[in-house]
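Here is how the chains run, residue by residue.
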Amino acid sequence: MSITQHHLLDTYRARQLGEPVPPAPGAHDWQVMREIREHRQFKAVVAGRPARGRIRHALARWLHGRPRSTC
């Protein structure tokens, strides 16, 4: 059964029972992604790591290598 079919079945059952209709699939995806990001930032701060820019900094270090001395 696909997600759409499952949602339609849940909607039908809710209307038959007079209950509120469940939200459509994907209606809260952005909110969930924000909460995951905030949770990861919180865990980083608790562990004593920087909360922002860790991936970008690691990629820059990997792409450009470590800075070399000019002397």
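For the structure itself, look to the data block above.
The shown structure was predicted, so the numbers you read here are calculated from the model rather than taken from an experiment. (Residues numbered from 1 in each chain as written. Predicted model: local features only at pLDDT ≥ 70, side-chain atom pairs only at ≥ 80, totals over all residues. Heavy atoms only, no water.)

Asks: Is there a simple way to think about the overall build of the protein in this case?
Replies: Summing up its helical and strand segments, the protein has 3 helices and 0 strands in all. Listed N to C, the secondary structure of the protein is α-α-α in terms of helices and strands. Here the C-alpha radius of gyration of the protein, 23 Å, is well above what a compact globule of 71 residues would show, namely 11 Å. In terms of overall dimensions, the protein has C-alpha extents of about 80 × 25 × 15 Å along its principal axes. For the protein, the proportion of its 71 residues judged to be buried stands at 7%. Here the protein displays about 7,000 Å² of accessible surface, and carbon together with sulfur accounts for 58% of that area. (Helix = DSSP H or I, 4+ residues; strand = E, 2+ residues; numbered from the N terminus. Rg over C-alpha atoms; globule rule 2.2 N^0.38 Å. Buried < 20%, exposed > 50% of the residue type's maximum accessible area, 1.4 Å probe, protein only. Areas by Shrake-Rupley, 256 points an atom, 1.4 Å probe, with all protein chains shown as cover.)

Asks: Can you help me understand the environment of Met1 in this one?
Replies: With respect to the helices and strands, Met1 occurs in the segment before α1 (3-17). Residues Met1 and Arg15 lie 14 residues apart in sequence; the distance between their C-alpha atoms is 20 Å. Non-local contacts of Met1, meaning those with residues more than four positions away in its chain, are made with His6 and Leu9. (Contact = heavy atoms within 4.5 Å.)

Asks: Got a minute to help me understand helix α2 (residues 29-46) in this structure?
Replies: Along an α-helix, a turn takes 3.6 residues, which lines up residues three or four apart on a common side. With 18 residues, α2 should cover 26 Å at 1.5 Å per step; its first-to-last C-alpha distance of 26 Å lies within 8% of that length. Count one or two residues on from α2 and you reach Gly48, which has phi positive near 85°. (Expected span 1.5 Å × (residues − 1).)

Purely geometric stuff here, so don't read any function into it on its own.
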